[in-house]
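Structural description and commentary
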Amino acid sequence: MSSLLSALNPEQLEAVTLPHQSALVLAGAGSGKTRVLTTRIAYLIQSGQVGSHGILAVTFTNKAAKEMLTRISSILPVNTRGLWIGTFHGLCNRLLRAHHQDAGLPQTFQILDSADQLAIIKRILKSLSADDAKFPPRQVQWFINNAKEEGLRASQVETYDDFAREMAVFYLAYEVQCNKEGVVDFAELLLRSYELLTRNEIVREHYRGRFRHILVDEFQDTSRLQYRWLRLLAGEQAAIFAVGDDDQSIYAFRGANTGNMKEFERDFRVSKIIKLEQNYRSQGNILDAANILIRNNSGRLGKNLWTSEGHGEPIRVFNAPTDFDEAAFIVDEVKALRAEGVALSQMALLYRSNAQSRVLEHALFNAALPYRVYGGMRFFERLEIKHALAYLRLIANPNDDNALLRVANFPVRGIGARSLEQLQSEATAQGTSLWTAMLRKYENGATSVPGSGNDTRLGIAGYKKPDKAKKGIEGFVGLLESMRQDCEGLPLPEIVAYMLEHSGLAAHYRAEREGADRLENLNELINAATSFVHEAEDDGLMLFLNHASLEAGEHQAGHGQDALQLMTVHSAKGLEFHSVFLSGLEEGLFPHDNSRNEAGGLEEERRLMYVAITRARRRLYLSFAQSRMLHGQTRYNIPSRFLQEIPDSLLKWPQPLQKTVNKTRELPPRSLGAGYAAQTHASPVRDAAASRWRIGQNVIHAKFGAGVIVNCEGCGADARVEVKFGRAGTKWLLLEYAKLLPA
DNA sequence: CTAGCTGCTGTTTTT
DNA sequence: CAGCAGCTAG
């Protein structure tokens with residue numbers, strides 16, 4: 001026990017050994033947050049305060065949950081299966097599985113990912129013949145998820161205008177459809193289990209009596225509903241140990257509500273907030289940059305990271321002419337670092353949006369550097385995997401319309417859109433699933449067609465067509481029925497292998513010229529199933545499918561080998577690397593344009609930047625490109641304001657070897673409140689006469705501030721340039737009058 | 001019924 | 001530059 005605690009600093013120790021009371025731990029990046037959580041769990045169990053069954057721990061990602069489990073089991077010989085550690089979604093799923101009847105769900109309920117959800121919504125909008133210009137499916141999806149997040153059912157939605165009324169109708173139809181199919185979306189997992197706990201006293205009291213200690217990781221990212229869920233589950237008895245960092249709240253777009261921290265203080269009478277500010281990860285310069293940057297945000301709880309290590313290296317900033325050059329620079333630096341002995345897996349390339357990975361991947365590929373992309377197209381989201389999963393879902397539950405529609409005609413078996421549409425309306429009319437409708441139709445067809453009262457009334461053509469369609473469906477029904485029968489009792493990996501062969505998927509991709517990768521992925525699915533059986537010690541098909549919906553990532557070919565890590569800043573949260581390359585630091589990209597209109601959008605972007613910076617242990621690269629290919633056209637952006645918020649004294653500007661790059665630092669207008677001199681760096685004298693105005697050039701306007709030329713036309717007195725300014729938007733300026741200065 | 005073409009649109013971040 | 005909906009030709 002003492003060895004367990006001896007390695008902790010005083011604040012960590014205090015947090016770990018807190019008595020049974022609710023507490024808020026403000027844990028800065030790299031301050032040993034996970035360690036505190038796992039050590040506390042081990043401490044609680046080892047000191048006999050609670051059994052392992054009395055602990056519930058919520059993490060933000062499955063990865064974090066897994067890590068926590070392994071760390072705990074390395075400290076303590078506990079049965080990890082009795083521990084309730086997982087994401088909100090994972091825990092809700094567990095709860096609903098255990099009480100599916102009380103929750104009004106079939107035992108085999110399946111989980112929809114957002115793409116599945118969108119598909120259902122599209123189908124519903126179509127069946128209600130809604131005007132999709134007026135009601136874009138995405139917006140309907142957004143509306144439904146928001147309503148659920150507010151805890152509202154379709155019948156409870158406020159219908160203050162026609163639009164909302166219409167939305168409520170869609171929501172209701174969606175609810176009905178999901179119930180019919182026995183599927184739940186992500187938000188539903190939460191809402192449904194929240195309702196279960198609210199309504200069912202027996203279940204509620206059972207869990208309240210059981211979970212005496214509730215630990216919450218990344219508390220700043222909890223949503224309103226999640227917070228209510230926690231409060232409900234905790235009741236009066238449980239102690240909630242909440243660990244979070246308001247500066248790392250980057251999921252507001254998904255409903256995260258930092259206000260929960262203050263509410264938590266009030267609701268649970270938190271008497272003391274413990275702050276963990278000593279950072280064990282990054283060196284001084286990196287930490288200073290992060291601290292100074294985040295100070296530009298308002299309404300922080302307040303926290304300043306410090307380290308006992310030295311300043312370390314300066315932060316390297318690179319100004320690239322194009323995104324292509326940026327990638328080339330990164331490749332060079334990566335090679336150099338590797339030559340110095342840094343493992344590729346200890347280097348990360350971070351970017352704001354997934355689309356940015358393409359250029360980087362291209363450069364890495366050409367340089368023959370192994371890399372691994374996280375996020376983006378996830379394993380379980382790949383088309384061929386979705387098809388395979390659809391078959392598996394149908395084996396588990398043939399009433400899953402989504403799955404059925406996905407593969408009814410894939411591989412092609414002559415079930416066209418028309419027959420499916422027909423089937424759809426029959427299903428709607430009868431209030432059944434498509435599968436049931438198929439069975440009926442098939443049985444009707446089988447009994448009535450031979451007797452055929454039809455042939456007296458219809459011409460041959462008009463009667464052959466439906467006959468053909470029936471054959472397709474008949475074949476499909478037979479296929480599915482035999483698959484369901486044959487898979488009964490088979491171990492999971494064999495079910496997957498069987499399905500791949502008998503569904504015709506394997507054959508389909510074998511025949512396809514470009515199918516090799518897809519085949520490989522399908523084989524990887526068998527591996528995934530095998531390792532799932534291994535890890536979960538359970539071979540339920542249903543469980544595997546849930547695992548697939550809840551944990552979209554982590555399975556990817558090319559496991560294990562030393563590879564560069566590529567991911568968005570969002571998915572880098574919680575990770576650390578020896579070296580971090582943060583690319584695309586441009587206005588419009590990072591901070592992202594879309595964040596401009598959102599309340600608090602800019603501050604969230606800044607927190608995102610803060611997260612990115614604090615991923616680095618020793619070395620941090622920040623880079624931006626003057627021109628970038630985006631959405632099929634070249635765009636010219638000015639450097640991100642965040643660059644400017646970092647003091648020059650922490651920065652170093654390396655130059656690429658052979659290229660002559662504009663050595664001037666071009667920065668956007670200083671934002672309010674920042675207090676460092678922008679012009680301290682040496683700026684080489686510019687040859688004013690020689691610099692003709694050109695696209696991509698950075699300029700300064702007396703009134704509008706810094707900008708970049710994105711277009712020009714005319715000549716002589718008529719010469720005009722279009723300039724995109726950081727603040728004033730994009731404007732056409734007559735060169736004769738506008739006193740433009742080269743930046 | 002299918003495959004292949006065109007033309008449109010939308011574009012952040014994720015459990 | 002996608003990805004997708006809708007259309008046309010086989």
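Our subject is the structure that appears above.
An account of the accompanying structure is given in this report. (Residues numbered from 1 in each chain as written. Chains lettered and ligands numbered in written order. Predicted model: local features only at pLDDT ≥ 70, side-chain atom pairs only at ≥ 80, totals over all residues. Heavy atoms only, no water.)

A few words on the overall build of chain A. Looking only at helices and strands, chain A features 27 helices and 21 strands. Here chain A, with 743 residues, has 52% of them falling under the buried criterion. Partitioning the intrachain contacts of chain A with sequence separation of at least 6 by distance along the chain shows that 75% fall at a separation of at least 24. When the accessible surface of chain A is summed, it comes to about 33500 Å², and 51% of that surface belongs to carbon and sulfur atoms. (Helix = DSSP H or I, 4+ residues; strand = E, 2+ residues; numbered from the N terminus. Buried < 20%, exposed > 50% of the residue type's maximum accessible area, 1.4 Å probe, protein only. Contact = heavy atoms within 4.5 Å. Areas by Shrake-Rupley, 256 points an atom, 1.4 Å probe, with all protein chains shown as cover.)

This part is about the sheet that holds strand β1 (residues 23-27). Spatially, the six strands line up as an open sheet ordered β3-β2-β6-β7-β1-β8, and their pairing is parallel. Of all strands in the sheet, those bounded by a partner on one side alone are β3 (84-87) and β8 (273-276). Across the sheet, the mean angle from the axis of one strand to that of its neighbour is 15 degrees, orientation sign disregarded. Along the sheet, helix α4 (residues 62-75) contacts β2 (55-59) and β3; its crossing angle with β3, the most-contacted strand, is approximately 155 degrees. Set on the sheet, helix α5 (residues 88-98) makes contact with β2 and β3; between it and β3 the angle comes to about 125 degrees. (Pairing = 2+ DSSP bridges. Axes fitted to C-alpha atoms, helices over the stretch in contact; angles between N-to-C directions.)

Our next topic: the pairing of strand β7 (residues 239-244). Across the six residues that make up β7, a large majority, six, are buried. In β7, alternate side chains face the same way, and those of Ala239, Phe241 and Val243 on one face and Ile240, Ala242 and Gly244 on the other are all buried. As defined by bridge partners, strand β6 (residues 213-216) adjoins β7 across four bridges and the pair is classed as parallel. The partner of Val216 across the bridge, within β7, is Ala242. Traced from β6 through helix α11 (residues 224-234) to β7, the parallel crossover comes out right-handed. (Right-handed = clockwise from strand over helix to strand, strands pointing away.)

Another aspect to go through is the side chain of Arg153. Mapped onto the elements, Arg153 comes out in the loop between α7 (137-149) and α8 (162-181). Setting aside residues up to four positions removed in sequence, Arg153 forms contacts with Lys148, Tyr171, Glu175, Glu188, Leu191, Arg192 and Glu195.

Let us look at the side chain of Thr59. Structurally, the position occupied by Thr59 is in strand β2. By relative accessible area, which is 3% here, Thr59 ends up buried. Within the structure, Thr59 has its side chain in polar contact with the backbone oxygen of Thr61 (distance 3.1 Å). Apart from residues no more than four positions distant in its own chain, Thr59 is found in contact with Ala64, Ala65, Met68, Gly86, Thr87, Phe88 and Asp217. (Polar contact = N/O pair within 3.5 Å; in protein donor to acceptor, adjacent residues only side chain to side chain.)

To continue, consider the packing of aromatic side chains. Within this structure, the stated rule accounts for 18 aromatic pairs. Measuring from ring centre to ring centre gives 5.7 Å for Trp84 and Tyr207, while their planes differ by 55 degrees; the resulting arrangement is tilted. One end of the pair, Trp84, is in strand β3; the other, Tyr207, is in helix α10 (residues 201-210), with 123 residues separating them in the sequence. Judged by relative accessible area, Trp84 falls into the buried class, the value being 6%. An aromatic cluster is present here, built from Phe219, Tyr227, Phe264 and Phe268 joined pairwise through their rings. (Phe/Tyr/Trp six-rings, centres within 6.5 Å; stacked < 30°, edge-to-face > 60°.)

Mapped onto the elements of the fold, Glu166 is located in helix α8. Its relative accessible area of 33% is what places Glu166 among the partly exposed residues.

Now for the protein's contact with DNA strand B. Near DNA strand B lie 26 residues; those nearest to it are Arg254, Arg352, Asn354, Gly416 and Glu598. In DNA strand B, the atoms that sit within 4 Å of the protein are 58% sugar and phosphate, with bases accounting for the remainder. Measuring from a phosphate oxygen of DNA strand B, one finds a side-chain N or O atom of Asn409 at 3.0 Å. His570 is positioned such that a nitrogen or oxygen atom in its side chain is 3.4 Å from a base oxygen of DNA strand B. Within the residue set of the surface near DNA strand B, elements represented by two or more residues are α18 (417-430) and α25 (569-572). Residue classes in the surface near DNA strand B are distributed as five nonpolar, 15 polar and six charged. (Near = heavy atom within 4 Å. Nonpolar A, V, L, I, M, F, W, Y, C, P; charged D, E, K, R; others polar.)

On to the pairing of β8, then. Going residue by residue along β8, you find Ile274 and Leu276 tucked away on one face and Ile273 and Lys275 left uncovered on the opposite face. Bridge count for β1 against β8 is four bridges, and the pairing is parallel. Within β8, the position partnered with Leu24 by the bridge is Ile273.

A covalent bond between the sulfur atoms of two cysteines is what we call a disulfide. Inspection of the entire model under this criterion finds zero disulfides. Of all cysteine sulfurs in the structure, the one in Cys92 sits closest to Cys178, which takes part in no disulfide; the separation is 16 Å. (Disulfide = S-S within 2.5 Å.)

Before going further, it helps to spend a moment on α7. For α7, which comprises 13 residues, the first-to-last C-alpha distance of 18 Å matches the rise-based estimate of 18 Å (1.5 Å per residue) to within 8%. Within α7 the residues assigned to the buried category are Pro137, Val140, Gln141, Phe143, Ile144, Ala147, Lys148 and Glu149. Summarising the contacts, the buried residues of α7 are in contact with α6 (114-127), α8, α9 (186-199) and α11. (Expected span 1.5 Å × (residues − 1).)

On to the environment of Leu44. Turning to its location among the elements, Leu44 is positioned in helix α3 (residues 33-46). Taking relative accessible area as the criterion, Leu44 reaches 0% and is therefore assigned buried. The sequence separation of Leu44 and Thr17 amounts to 27 residues, and the corresponding C-alpha distance is 8.1 Å.

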